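Given next are the chains, with one letter for each unit.
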Amino acid sequence: MSKVVCDISISADGYSAGNNQTEERPFGDADGSILHAWMFDTSEENRAELDAVTEAKAFIMGRNMFGPIRGEWSGDWTGWWGPQPPYHAPVFVLTHYHRDPLVMDGGTTFYFVTDGIEAALKQARAVPGDGDVAIAGGATTVNQYMAAGLLDELRLHIVPFTLGGGTRVFDGVAPLKLEQISSRAATQITHVTYRLVR
């Protein structure tokens with residue numbers, strides 16, 4: 001069976017986004033350009049990690065990661081990424097509100113799952129192929145999968161700055177045993193991969 005993995009960029013104090021998210025500020029009070037500079041400013045130095053981020057056969061994300069809309073769906077919001085999102089695979093978005101699938105350019109289709117994290121994982125695992133299923137974020141969604149014992153591998157990309165508040169990895173998750181698989185320091189980032197021990 002494929003692994004359930006997660007790649008997430010965090011500040012040194014564990015935050016993946018700040019408070020006060022809006023359409024203009026997808027990371028809220030956090031500076032997303034700092035959190036993700038390693039992906040763009042030094043992409044060649046981090047090629048192996050970048051390739052790993054997008055090699056899954058399917059992705060799962062929370063509604064906040066898909067966009068800032070709250071309540072019933074309205075308007076024509078199609079995500080932060082423009083007409084061709086970087087996933088090139090099915091993406092299952094956790095939400096409480098029904099929405100028809102959204103087909104985008106480049107092979108990405110967003111499916112909106114209203115019956116919880118296990119249902120989303122079941123649908124993602126049913127996608128043909130032998131690749132992994134990736135929990136794309138945000139931290140609240142990652143925490144739900146960790147708390148439920150459904151995450152196999154956590155890949156943290158730690159940026160050397162502190163945020164001091166926002167959405168944090170491990171919040172609300174009972175103590176876990178983590179086995180370090182690898183770590184690598186790069187110019188603007190430290191990559192650490194853990195296996196979650198059950």
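Counting from 1, residues in each chain are numbered in the order their sequence is written. Only residues with pLDDT of at least 70 get local features here, since the model is predicted, and only at 80 or more are side-chain atom pairs given and counted; chain-wide, interface and lining totals rely on the full set of residues. Hydrogens are left out, water is left out, and the side-chain values use all remaining heavy atoms of the structure.

**Some points on the overall build of the protein**
Short version of the rule: Numbered from the N terminus, helices here are DSSP runs of H or I no shorter than four residues, and strands are runs of E no shorter than two. Whether two residues touch is decided by their heavy atoms; if any such pair falls within 4.5 Å, the residues are in contact. Where accessible areas are quoted, they stem from the Shrake-Rupley method and a 1.4 Å probe; at the residue level, only the protein chains shown are allowed to cover. A positive count includes Lys and Arg, and a negative count includes Asp and Glu. His and the chain ends are not counted in either. In plain terms, the charge of a residue is placed at NZ if it is Lys, CZ if Arg, CG if Asp and CD if Glu.
Helices and strands together make up the secondary structure of the protein, namely six helices and eleven strands. With respect to the three principal axes, the spread of C-alpha positions in the protein is 40 × 40 × 35 Å. In the protein, the proportion of contacts linking residues at least 24 apart, taken out of those at least 6 apart, comes to 65%. With the model as given, the accessible surface of the protein reaches about 9800 Å², and the carbon-plus-sulfur share is 51%. Looking at the protein, you have 15 positive and 24 negative side-chain charges, and the mean spots of the two groups are 6 Å apart.

**Some thoughts on the environment of G82**
Definition in use: Residue exposure (1.4 Å probe, protein chains only): buried if accessible area is under 20% of the type maximum, exposed if over 50%, otherwise partly exposed.
By the secondary structure assignment, G82 is in the loop between α4 (63–66) and β4 (90–94). In this structure G82 comes out as partly exposed when scored by relative accessible area, which is 27%.

**Considering the sheet that holds strand β1 (residues 4–11)**
Selection rule: At least two bridges found by DSSP between two strands are what make those strands a pair. Orientation is described by axes fitted as lines to C-alpha atoms, over the contacting stretch for helices, and by angles from 0 to 180 degrees between their N-to-C directions.
One open sheet accounts for nine strands, arranged β5-β6-β4-β3-β7-β1-β8-β11-β10; its pairing is mixed. If you trace the sheet from one side to the other, it starts and ends with β5 (102–103) and β10 (177–185), each paired once. By the bridge criterion, seven bridges tie β1 to strand β8 (residues 153–159) in an arrangement that is parallel. Directly across from V5, in β8, lies its bridge partner E153. Taken strand by strand, helix α5 (residues 117–125) contacts β1, β3 (58–62), β4, β6 (109–113) and β7 (133–137), and its axis lies near 175° from that of β4. The strands touched by helix α6 (residues 139–147) are β1, β3, β4, β7, β8 and β11 (190–197); relative to β7, the strand with the most contacts, the crossing angle is about 135°.

**Notes on the packing of aromatic side chains**
Definition in use: Pairing of aromatic rings covers Phe, Tyr and Trp, the last counted by its six-membered ring, and requires centre-to-centre distances within 6.5 Å; plane angles under 30 degrees mean stacked, over 60 mean edge-to-face, and any other angle means tilted.
One pass over the structure, following the stated rule, counts ten aromatic pairs. A centroid spacing of 5.8 Å and a plane angle of 80° characterise the contact between F66 and W73, whose relative ring orientation is edge-to-face. Like F66, the residue W73 is buried in the burial classification. Seen in terms of ring centroids, W81 and F110 are 5.9 Å apart; in terms of plane orientation they differ by 20°. Their pairing is stacked.

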